[in-house]
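# Summary of the model geometry
Below are the chains, spelled out letter by letter.
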Amino acid sequence: YNGRHCTNPQWWAKWIQETIYEKVLGKSPEGITMIKVKGGKQDEQLLVYKTVNWCLDVGVISKTPDITVTICKYNTHNCFGTCVEGDDDMTSFFITVANDQTIRDFVATLIHELIHVNQYVTGVWTGDGEKECDDRQYPLTDKLWKEGIL
């Protein structure tokens, strides 16, 4: 905040996250997921924040790891999404989502990767976990839309 009045809720949420959680506490408080979004346009970043928060609220992710989502292009990794653990104790994850796809596919890809996060933090999946992600990503995306989140 630079002395100007700001009524933009996304700006305040970002300021609180960057100032209070990261600078003052150095990490997210116990039981709260730190969500960071890099790259992409502002509307894509907002889609990410809303989608991740919804997935946490409805139990798609059953624990509270820190999640960093980088919005990129398909050719960055030659796929639409990736998910990797950030540390050995499964408390942070790095996701990429390509923005050169439809909005519905963008959100479904993000949800797909968030299901992988849940598989990692719970230690529960069958095979490589892809079938569960593939089976759930579009029904969850459609539910998110029907609930008016996006």
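Scanning the model with the defined rule gives 3 aromatic pairs in all. With a centroid separation of 4.6 Å and 55° between ring planes, the pair formed by Tyr-74 and Phe-80 is classed as tilted. Judged by centre distance (5.9 Å) and plane angle (85°), the rings of Tyr-120 and Trp-125 are edge-to-face. Residue classification places Tyr-120 among the partly exposed positions, given a relative accessible area of 24%. Judged by its relative accessible area of 40%, Trp-125 falls in the partly exposed class. Members of the aromatic cluster, connected to one another through ring pairs, are Phe-93, Tyr-120 and Trp-125.

The subject of this paragraph is the packing of helix α4 (residues 103-122) against helix α5 (residues 130-146). Taken N-terminus to C-terminus, the directions of α4 and α5 make an angle of 125°; their axes are 8 Å apart at the nearest point. By the angle between their directions, the pair α4 and α5 is classed as oblique. Pair α4 / α5 crosses with right-handed handedness. In contact with Ile-103, Arg-104, Asp-105, Val-107, Ala-108, Ile-111, His-112, Ile-115, His-116 and Gln-119 of α4, α5 contributes Glu-130, Glu-132, Cys-133, Asp-134, Arg-136, Gln-137, Tyr-138, Leu-140, Thr-141, Asp-142, Leu-144 and Trp-145.

All right, on to the pattern of salt bridges then. In this structure the tally under the stated criterion is 3 salt bridges. Taking the shortest distance from any N to any O, the salt bridge between Asp-135 and Lys-131 comes out at 2.8 Å. Taken together, the residues span about one helical turn, with Asp-135 and Lys-131 both in helix α5 at a distance of 4 residues. We classify Asp-135 as partly exposed; its relative accessible area is 45%. For Glu-132, the salt bridge is made with Arg-136, and the minimal N-O distance between the two is 3.0 Å. One end of the pair, Glu-132, and the other, Arg-136, are both in helix α5, 4 residues apart, so they sit about a helical turn from each other.

The predicted model of the protein chain has a mean per-residue pLDDT of 82, with 78% of residues at 70 or higher. The model gives residues 1-6 a pLDDT under 50, and that stretch makes 6 contacts with residues more than four places away or in other chains. Below a pLDDT of 50 lies the segment residues 20-29, which in the model reaches 17 contacts outside its immediate sequence neighbourhood of four places, other chains included.

Mapped onto the secondary structure, Thr-68 falls in strand β2 (residues 66-72). Classification of Thr-68 by relative accessible area gives buried; the value is 10%. Thr-68 has contacts with Lys-36, Lys-38, Phe-93, Phe-94 and Ile-95, leaving out every residue within four places of it along the chain.

By size, the foremost hydrophobic cluster in this structure holds 27 residues, and its most contacted members are Val-48, Ile-95, Leu-110 and Leu-114. Only β1 (35-38), α2 (42-58), β2, β4 (92-98), α4 and α5 provide two or more residues apiece to this core. It is α4 that provides the largest number of residues to this core, a total of 8 residues. The residues contacting Val-48, other than those within four sequence positions of it, are Val-37, Val-69, Ile-71, Phe-106 and Leu-110.

The rules behind the values
- Residues numbered from 1 in each chain as written.
- Predicted model: local features only at pLDDT ≥ 70, side-chain atom pairs only at ≥ 80, totals over all residues.
- Heavy atoms only, no water.
- Phe/Tyr/Trp six-rings, centres within 6.5 Å; stacked < 30°, edge-to-face > 60°.
- Buried < 20%, exposed > 50% of the residue type's maximum accessible area, 1.4 Å probe, protein only.
- Axes fitted to C-alpha atoms, helices over the stretch in contact; angles between N-to-C directions.
- Helix = DSSP H or I, 4+ residues; strand = E, 2+ residues; numbered from the N terminus.
- Parallel < 35°, antiparallel > 145°, perpendicular 65-115°, else oblique.
- Left-handed = near helix turned anticlockwise from the far one by under 90°.
- Contact = heavy atoms within 4.5 Å.
- Salt bridge = Lys/Arg side-chain N within 4 Å of Asp/Glu carboxyl O.
- pLDDT = per-residue confidence, 0-100.
- Core = buried A, V, L, I, M, F, W, Y, C linked by side-chain atoms within 4.5 Å.

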